[in-house]
Amino acid sequence: MDKCVKRLGMGITSGKAAKAVENQRARKLYEEIFDEDSPAFVDYYFRVKAAENEIFVVENEKQEILATLHLNPYEMMFCDERVKTNYIVAVATRADCRHQGMMRSLLQASLQEMYRREETFTWLMPAAEAIYRPFGFRFIYEKNKMTVTADVLRRAETDENWQIHSDQEVSGDIFCEEAKKEDLAELACFAEKQLSKLAEVYTVHDIAYFEQRMQEVGCEGGSLILIRKEKEICGYFLALKKDREAWEIVVEDAVQKKAFPAVLHWFGASEEKCTFTAFPQIWEQYAQSENVPAIMGRIVHLERFVCCLKIKKEQEWKIRLTDSLIPENNGYFIIKTGIEGGSLIRVENLSEKEKKMFCSMDIGQLTEELFRLPVFLNEVV
């Protein structure tokens, strides 16, 4: 099976135009499997995201694509280090070709490539945990979700603490407005400052990042919304107003309470509920919420991962590690972690007695043990 795995566009010298033609071959299977995505969203994905990503495929003798796996690149902050990672998306196998090991072959080929580039870890949003758990993936991020019902909306109109005055955008000086391209430099500065306080693992939210998010949500009729305190940005969120949904709601600590009625006010009075996902924890007092497992991750390059890892409590691990997809990670190791970063020592020529001092773990178990960090990941593709 491995000999059938290839990367689209490899060996083509005529640039982006040829890559786009190659990517269209993968689009057919994408549309067949992910039929819930709108044509506008698929157009956006193959025009914007696929222009910069890598697509691994399994082909038959007729060069028909039977299975795909896409690596979408993201720069990420990981324990104050800026690292390159890949978000695994669009893992799909043609219906008549399933249960033949194609997904495993694609995962192994892509993970080997990421290891070669010394990438620390990779991540994905699973259709089901059971699919990826055998390959070393574990949940690293769960997001809170709440349904804001009509009674909460009415309270926002009447409670004196939330009072919205008719002659103002919203109570006090907090209001929402749709972001424009000229706002993105200011927004990127705000996001970096706020996210660095919120998490130790998050994607770099620069101008280019927000430009893509505007296109992504815009193709579904949604918007990137700014929360302002007078003239200053103090928060943002992504929203589909027609569906009354908002997600990735990032708000400056000092105004989180006032921002709640401001966001409700932006959606407008209605008997219909609103759904908020990935919002300030303090909002959980206003409506019933739940935590939903969202993103799974996996260590790729063990040494690079450990070196970047910064943990307040100093620890030492003696492990015998097994990794069925990246054999370079197999072996006996002494791992030390601390506030300044970690170190990894590979130990060889051990006696049988010495080997018994090492705890046996697979890469999934080690990911679970080491990836106990505050994470914030709400990317769609």
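Residues numbered from 1 in each chain as written. Predicted model: local features only at pLDDT ≥ 70, side-chain atom pairs only at ≥ 80, totals over all residues. Heavy atoms only, no water.

Draft legend 1. Just empty space enclosed by the protein, in detail. Throughout the structure, instances matching the rule amount to one cavity of 30 Å³ or more. Of the voids in this model, the largest cavity is the one considered here, and its volume is about 30 Å³. Taken together, Y44, K49, Y74, Y209, Q212, R213, E216 and E379 form the lining of the largest cavity. Broken down by secondary-structure element, the contributors of at least two residues to the lining of the largest cavity are α2 (39–49) and α7 (207–218). In terms of residue count, the dominant contributor to the lining of the largest cavity is α7 (four residues). Partitioned by chemical class, the residues of the lining of the largest cavity number three nonpolar, one polar and four charged. (1 Å grid on protein atoms, 1.4 Å probe; cavity = no way out; pocket = protein on both sides within 12 Å on 5 of 7 lines; lining within 4 Å. Points joined across faces, edges and corners; volume = space filled by probe spheres on them. Helix = DSSP H or I, 4+ residues; strand = E, 2+ residues; numbered from the N terminus. Nonpolar A, V, L, I, M, F, W, Y, C, P; charged D, E, K, R; others polar.)

Draft legend 2. Local environment of the pairing of strand β16 (residues 343–347). As paired strands, strand β15 (residues 331–337) and β16 are joined by five bridges and run antiparallel to one another. Bridged to I334 within β16 is I345. Counted between consecutive antiparallel strands, the loop separating β15 from β16 contains five residues, among which G341 sits at a positive phi close to 120°. (Pairing = 2+ DSSP bridges.)

Draft legend 3. Spatial organisation of the sheet that holds strand β17 (residues 359–362). If you walk across this open sheet you meet the four strands as β16-β15-β14-β17, and the pairing is mixed. Looking at strand neighbours, the two that pair on one side only are β16 and β17, the edges of this open sheet. Between one strand and the next, the sheet's axes are offset by a mean angle of 35°, whatever the strand orientation. Running over the sheet, helix α11 (residues 363–370) touches β14 (315–322), β15 and β17 and is turned about 95° from β17. (Axes fitted to C-alpha atoms, helices over the stretch in contact; angles between N-to-C directions. Contact = heavy atoms within 4.5 Å.)

Draft legend 4. Seen up close, the layout of surface pockets. Here the largest pocket defines a volume of roughly 1,500 Å³. Looking at the lining of the largest pocket element by element, the count peaks at seven residues for strand β4 (residues 81–93). Here the residues of the lining of the largest pocket are counted per class, giving 29 nonpolar, eight polar and nine charged. As a volume, the second largest pocket reaches approximately 580 Å³. Along the wall of the second largest pocket there are 26 residues; nearest its centre are Y141, E142, L198, V375 and F376. Secondary-structure elements contributing two or more residues to the lining of the second largest pocket are β6 (138–148), α6 (184–198), β11 (245–251), β13 (289–299) and β18 (375–376). The element contributing the most residues to the lining of the second largest pocket is β6, with six residues. Its residues assigned to classes, the lining of the second largest pocket shows 16 nonpolar, five polar and five charged.

Draft legend 5. Quick peek at the packing of α6 against α7. Contact geometry of α6 with α7 gives a least axis separation of 9 Å together with a crossing angle of 110°. Judged by the inter-axis angle, α6 sits roughly perpendicular to α7. Facing L184, A185, L187, A188 and A191 of α6, the residues of α7 in contact are I207, F210, E211 and M214. Classifying every residue of the contact of α6 with α7 gives eight nonpolar, no polar and one charged. (Parallel < 35°, antiparallel > 145°, perpendicular 65-115°, else oblique.)

Draft legend 6. Spotlight on the nonpolar core. In terms of nonpolar packing, the biggest core is built from 76 residues, with F78, Y141, L187, Y236, L366 and F371 touching the most fellow members. The leading source of residues in this core is α2, at six residues. V148, I249, F260 and V263 belong to the second-largest nonpolar core, a separate cluster that totals 28 residues. (Core = buried A, V, L, I, M, F, W, Y, C linked by side-chain atoms within 4.5 Å. Buried < 20%, exposed > 50% of the residue type's maximum accessible area, 1.4 Å probe, protein only.)

Draft legend 7. Just the confidence of the model for the protein chain, in detail. Taken over all residues, the pLDDT of the protein chain has a mean of 91, while the share at 70 or more is 93%. The model gives residues 163–171 a pLDDT under 50, and that stretch makes 19 contacts with residues more than four places away or in other chains. (pLDDT = per-residue confidence, 0-100.)

Draft legend 8. How the structure looks around the pattern of salt bridges. Counted under the stated rule, the structure contains 30 salt bridges. Through salt bridges with shared partners, a single network forms among R7, E54, E113, R116, R117 and E119. (Salt bridge = Lys/Arg side-chain N within 4 Å of Asp/Glu carboxyl O.)

Draft legend 9. Spotlight on unusual backbone geometry. Positive phi, close to 55°, is recorded for C79, a residue that is not glycine. Mapped onto the fold, C79 is located in the loop between β3 (65–78) and β4. In this structure C79 comes out as buried when scored by relative accessible area, which is 1%.

Draft legend 10. Geometry of the environment of C308. By secondary structure assignment, the location of C308 is in helix α9 (residues 302–308). The buried category is assigned to C308, whose relative accessible area is 1%. Note: C-alpha distance between C308 and T122 (186 residues apart in sequence) is 14 Å. In contact with C308, not counting residues within four places along its chain, are F78, C79, E81, V83 and T120.

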